[in-house]
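# Remarks on the overall topology
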Amino acid sequence: MPKDRPRSLSQVDADLIPAGTIPVFLRDANRLSPESRGGMSMSMLSPSSSIKGASFGRSMRRLTVKEEPPATWLGRMQEVITSRSAFPVWLVVAVACVAYAFAVTRYHASHVTLLERLHAAELEYDKLLLENSLLLAGGDTSCSVREKAETLATSEIPKAPQAEGFPWIAGCLVLGGIGSIGRIMGREYLLFHKKQAETSVPFSVVEMAQYRLDHFFSTSKWAKSVLLLMSTFALILVGAISLCLASGDSLNITMWQAWTFVADPGTHADAEGTGVRLVAFLVTMGGMLVFALMIGIISESIGEKVDELKRGKSKVLENGHSLILGWNDKALAIIQEIALANQSEGFGVIVVLTETDKETMEEGLRDAIESRENALNLHGTEVIFRCGNTLNLHDLDMVSVSAARSVIALAQENVDPDVSDSRMVRQVLSLKGIEGFSSPVVVEMQDWDNKDLVEMIASDIAEVIVAHDVIGRLMIQCARQPGLAHVLENLMGFDGSEFYMQNWPELEGVTFGELLTRFDDAIAVGLMHTDGSIVLNPSDDHVISDGDEILVLAEDNDSYKPNPHSWLPAIPLLEIPEVIKSERPEKLLFCGWRRDMADMILQLDGYVPKGSELWLFNTVPANKRCNLLQDKGQKEAVACKNLIIKNVLGSPVVRRDLWILNAIDDNGEIQNRRDENGDLVLDEYKNPIPDSTTLDKFDSVLILADSGTDEKSNMESTDSRSLASMLIIQDIQKKLVGESGAPMCDPISEILDRRTRSLLNIAGGSGYIMSNQIVSAVIAQVSERREMNCVLGELLAAEGNEPYIREISLYLDLDQVRQYSFWELVLIARKRNEVCLGYVRGMATDLENERTMLNPPNKSTPLGWEAGDTLIVLAVE
């Protein structure tokens, strides 16, 4: 290429413009507004400009700058404030300030010393003049002159004040305060310029200050205190400097004077001089404002702390307490049962962690304690509420979960059962992940199918209780045995006698038959072997091995001990006939609907003889019941071996629907009656007879806690429906029976709220099941000792040993005029491989004998027995 040929701008850039630089006019052009750039010629920016040769190169070299920011005073300040290497600069500044303050203070001190010395010299000169006058005048001196001379003679010459040293305290405070405030203000100033350069939206200094203050107050809990401290320091510093200039005193003195003016408004009254008084007045007014703000901040902080304590956010400092995670309609009953368990110890602590507000929980507990109907009695147990997430590890640490004796995780209310059970699985995982946690956990779940999930991940610490399953099995047993509900309520709870396990080395080698009458204050029920297996009602020849624990029914764990020998009857006992199980088909009525209706039907199918009928009377349409029984297709169809299910559509609280119960098919049509062969049953006119019945034809009537069509129903409204339904059924039964006096069954009503019990007594209803109370007692029992889950589970199952209420005539010949002690009844029941737990008086004559007697006292005392008395036995049917 020829040397005289002009090159393009790109070639010039490559040769002449150093790497990392840009032309100034191009850089500045980008900052211009579109209107300003409109007047710029495109040729000035075009790469094909007519500028030629080395002249363009020299021009460009002069007009180029590095990308580094210019070394302005703003950049130097930023470097000094933000860089750690700027510490020597701060040190030099501090030393200079200290030296300056030292020089000023020394000069002031020397000046004051010189003035004091001049004053002392003048006073000495006056004394000498007066003494000379007295000597010259002799005795004719006037009285005034003599008194003045005496006064001057007795006056002390003031000592010259020592020069004050350097005000180290004041200097350090001033330097520290100015340095801190200056650093903060410097950072904010640099941030202001940085945001002005980066933000296209213009803003003022006031807007920036408001923005930064808002950010500071929202991100720091110490913002108010810091701002107040900075304001107070600035007020004292300005006041001290002003006083120093007005009075001439040292900085040490004026700093203290300024503080006294700020702290005590009455101090400025002693100020002298116009300038000093003006400064003192202004500092005092500022101090009053500062202290008003300080009082407001302190009051607000105290209020916030009190509110935080009310919200339940402080850590629980307890050990060996019972911890309840969550809250539902069983929580109060569980608290009552645990309080009864703690009664023997005289004290106890229950901690409740729930997402519900702490004040709401405390108010509910207080209402339960002050209630006139079945008031809650804590028996000295303290209940502590904390508000938090039961899945959060921080909140679990707040309630000292690692130090808890036992943990109870309650299911959520008003949510889908699968959602609640999923939360319980996560709850167990959260507890198991805590380091050092080994306490037993009782988990309440709502669906039996989800029970295996918890047992799979935490079988070593968790005991699962499916509340609906327990209630269903409980109600099936109580429906077939009137009076069993009251027995189970006493048997499961801590009020009265309950189950305990303990090892007695002195009983090793004793058979279970010999063990039955070995305890005066307890009844032996079974054994727990060293491998953890539990045997209820073992055979008489079962030998107690080393380490076996004996399961007994006793009032407390320290209220019983074995006797040296077993009790033996004085007269041989007669043999009794075996109980023949009735094979007569039963007829049962369920009023209402439950989510676990399919499980209840299968449980009942294992109890009743073949050919028994179950009538389902509720408001659920017949075409939807099959889908609900299969849990919306998630379960198989209900296949019964002994039961015949018949559907009836109607409301249990509507009298006309209860007069005659008509069986319907899946389409809602009334079914016709059929015989054993499946043929239609015809009347005398050859017309099919509808398949219908009345309330007096049933062997058992069970009223379920059905909320009806109200999805937001609570315990009170549900119990109101159950109570109304029971009264209507009782009235219809009486009218159907009339004066015939035919036997009829008492309806059994499920009650959720224990306060409804008093209303049932007023209404004359004797058949009820406190389902929540019994389930709560089961949960509390298992929380005290996890092995009780196996014991109580077998008592409520169709297989194995169950409690029964049987007539005394099956054990004694009432025609013989003889009294039998309770020990004799135990041995008689043992001939049928049963364990007698207590009795129920049918014709009680006093209040003491009206209640059910479990583990009665004075077991060797003979008692008289009458028809209507029943025994409570543990047996395999």
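Structure's up top.
Residues numbered from 1 in each chain as written. Predicted model: local features only at pLDDT ≥ 70, side-chain atom pairs only at ≥ 80, totals over all residues. Heavy atoms only, no water.

### Some words on the overall build of the protein chain
Helix and strand counts for the protein chain stand at 30 helices and 26 strands. The buried share among the 877 residues of the protein chain stands at 40%. Sequence separation of 24 or more characterises 74% of the internal contacts of the protein chain that already satisfy a separation of 6 or more. Total accessible area on the protein chain stands at roughly 48,300 Å², and carbon and sulfur atoms take up 55% of it. (Helix = DSSP H or I, 4+ residues; strand = E, 2+ residues; numbered from the N terminus. Buried < 20%, exposed > 50% of the residue type's maximum accessible area, 1.4 Å probe, protein only. Contact = heavy atoms within 4.5 Å. Areas by Shrake-Rupley, 256 points an atom, 1.4 Å probe, with all protein chains shown as cover.)

### A short note on empty space enclosed by the protein
A full pass over the atoms with the stated rule returns four cavities of 30 Å³ or more. In terms of lining, the largest cavity is formed by 15 residues, of which the most central are Asp447, Arg595, Asp596, Asp599 and Lys635. Counting residues per element, the ones that place at least two in the lining of the largest cavity are helix H19 (467–480), helix H22 (597–605) and helix H23 (622–629). Take the lining of the largest cavity: its biggest share by element is three residues, from H22. (1 Å grid on protein atoms, 1.4 Å probe; cavity = no way out; pocket = protein on both sides within 12 Å on 5 of 7 lines; lining within 4 Å. Points joined across faces, edges and corners; volume = space filled by probe spheres on them.)

### Notes on the nonpolar core
Proteins that are soluble and globular tend to have nonpolar side chains buried together. With 118 residues, the main nonpolar core has Leu488, Phe499, Phe590, Leu702, Ile769 and Leu837 as its most contacted residues. With eight residues, H19 is the largest single contributor of residues to this core. With residues up to four places along the chain from it excluded, the contact list for leucine 702 reads Met475, Ala479, Leu589, Phe590, Cys591, Met600, Ile748 and Ile769. (Core = buried A, V, L, I, M, F, W, Y, C linked by side-chain atoms within 4.5 Å.)

### Digging into the packing of helix H14 (residues 331–341) against helix H27 (residues 771–784)
Running from N to C, H14 and H27 cross one another at 45°; their axes reach a closest spacing of 8 Å. Comparing their axes, H27 and H14 come out oblique. The element H14 and its partner H27 pack so that their crossing is right-handed. Across the interface between the two elements, Ala333, Ile334, Glu337, Ile338 and Ala341 from H14 touch Gln773, Ser776, Ala777, Ile779, Ala780 and Glu784 from H27. The class makeup of the residues in the contact of H14 with H27 is seven nonpolar, two polar and two charged. (Axes fitted to C-alpha atoms, helices over the stretch in contact; angles between N-to-C directions. Parallel < 35°, antiparallel > 145°, perpendicular 65-115°, else oblique. Left-handed = near helix turned anticlockwise from the far one by under 90°. Nonpolar A, V, L, I, M, F, W, Y, C, P; charged D, E, K, R; others polar.)

### Description of the sheet that holds strand S23 (residues 835–840)
The strands making up a sheet are joined through hydrogen bonds of the backbone, oriented either antiparallel or parallel. Strands sit in the order S21-S26-S23-S24 across an open sheet of four strands; the sheet is antiparallel. In this open sheet, the two strands that pair with only one neighbour each are strand S21 (802–807) and strand S24 (853–854). Direction of pairing for S23 relative to strand S26 (residues 870–875): antiparallel, over a ladder of five bridges. Bridging from a neighbouring strand, valine 835 pairs with leucine 874 of S26. (Pairing = 2+ DSSP bridges.)

### Regarding the environment of leucine 752
Note that leucine 752 resides in the loop between strand S19 (748–751) and helix H26 (756–763). Sequence separation of leucine 752 and methionine 770 is 18 residues, and the distance between their C-alpha atoms is 6.0 Å. Sequence-distant contacts of leucine 752, that is, excluding residues within four places in its chain, are made with Ala705, Met715, Thr718, Asp719, Ser771 and Asn772.

### Details of the sheet that holds strand S9 (residues 498–503)
Across the sheet, which stays open at both edges, the four strands sit in the order S9-S12-S10-S11 with antiparallel pairing between neighbours. Whereas interior strands pair on both sides, the edge strands pair on one side only; in this sheet they are S9 and strand S11 (534–536). Neighbour-to-neighbour, the strand axes of this sheet turn through a mean angle of 35°, independent of strand direction. Looking at chain direction, strand S10 (residues 522–528) and S11 are connected through three bridges and run antiparallel. Bridging from a neighbouring strand, leucine 527 pairs with valine 535 of S11.

### Looking at helix H11 (residues 223–247)
For H11, with 25 residues, the first-to-last C-alpha span of 36 Å sits near the 36 Å given by 1.5 Å per residue. Taken together, the buried positions of H11 are occupied by Ala223, Leu228, Thr232, Phe233, Leu235, Ile236, Leu237, Gly239, Ala240 and Leu243. Glycine 248 occupies a position one or two residues after H11 and carries a positive phi of about 80°. (Expected span 1.5 Å × (residues − 1).)

### Some details on the pairing of strand S5 (residues 381–387)
Buried residues dominate S5, accounting for six of its seven residues. Judged from the seven bridges that link them, strand S4 (residues 348–354) and S5 form a sheet pairing that is parallel. Across the sheet, valine 351 pairs through a bridge with isoleucine 384, a residue of S5. One crossover worth recording links S4 to the parallel S5 by way of helix H15 (residues 358–370), and it is right-handed. (Right-handed = clockwise from strand over helix to strand, strands pointing away.)

### Overview of H22
A turn of α-helix holds 3.6 residues, and therefore any two residues three or four places apart point the same way. Those residues of H22 not exposed but buried are Met597, Ala598, Met600, Ile601, Leu604 and Asp605. Projected down its long axis, H22 carries its buried residues within an arc of 160°, all on one side. In this structure, the buried residues of H22 make contact with H19, strand S13 (587–591), strand S14 (612–618), H23, strand S15 (643–649) and strand S18 (700–703). (Arc of directions from axis to C-beta.)

### Some points on a negative patch on the surface
Taken together, the side chains of Glu304, Asp307, Asp357, Glu359, Glu363, Asp367 and Glu370 define an acidic patch exposed on the protein surface. Listing elements by their share of the negative patch, those giving two or more residues are helix H13 (274–311) and H15. Ranked by residue count, the leading element in the negative patch is H15, at four residues. Checked against the element boundaries, aspartate 357 lands in the loop between S4 and H15. Among the residues examined, aspartate 357 registers a relative accessible area of 33% and is labelled partly exposed. (Patch = residues over 30% accessible without salt bridge, like charges linked within 9 Å, V, L, I, M, F, W, Y side chains within 5 Å. Salt bridge = Lys/Arg side-chain N within 4 Å of Asp/Glu carboxyl O. Lys, Arg positive; Asp, Glu negative; His and termini not counted. Charge placed at Lys NZ, Arg CZ, Asp CG, Glu CD.)

### Thoughts on the packing of aromatic side chains
Tallied over the full model, the rule gives nine aromatic pairs. Between phenylalanine 192 and phenylalanine 203 the ring centres are 5.7 Å apart and the planes differ by 80°, which places this aromatic pair in the edge-to-face class. Residue phenylalanine 192 is located in helix H9 (residues 168–198), and its partner phenylalanine 203 is located in the loop between H9 and helix H10 (205–219); the two are separated by 11 residues in the primary sequence. Accessibility expressed as a relative area gives 21% for phenylalanine 203, which makes it partly exposed. (Phe/Tyr/Trp six-rings, centres within 6.5 Å; stacked < 30°, edge-to-face > 60°.)

### Side note on the pattern of salt bridges
Taken as a whole and assessed by the stated rule, the structure comprises 24 salt bridges. In this structure, glutamate 188 engages arginine 212 in a salt bridge whose closest nitrogen and oxygen atoms are separated by 2.9 Å. A residue pair is termed long-range when its members are at least 10 positions apart, and glutamate 188 in helix H9 and arginine 212 in helix H10 qualify at 24 residues. Residue class for glutamate 188 comes out partly exposed when judged on its relative accessible area of 26%. Overall, arginine 212 belongs to the partly exposed group, its relative accessible area being 24%. Taking the shortest distance from any N to any O, the salt bridge between arginine 594 and aspartate 596 comes out at 3.1 Å. The exposure classification of arginine 594 matches that of aspartate 596, with both residues buried. One salt-bridge network, held together by shared partners, links Asp329, Lys330 and Glu444.

### Quick look at the side chain of serine 400
Secondary-structure assignment places serine 400 in the loop between helix H16 (393–398) and strand S6 (406–409). Residue class for serine 400 comes out buried when judged on its relative accessible area of 10%. Beyond its immediate sequence surroundings of up to four residues, serine 400 is in contact with Lys315, Val316, Leu317, Glu318 and His321.

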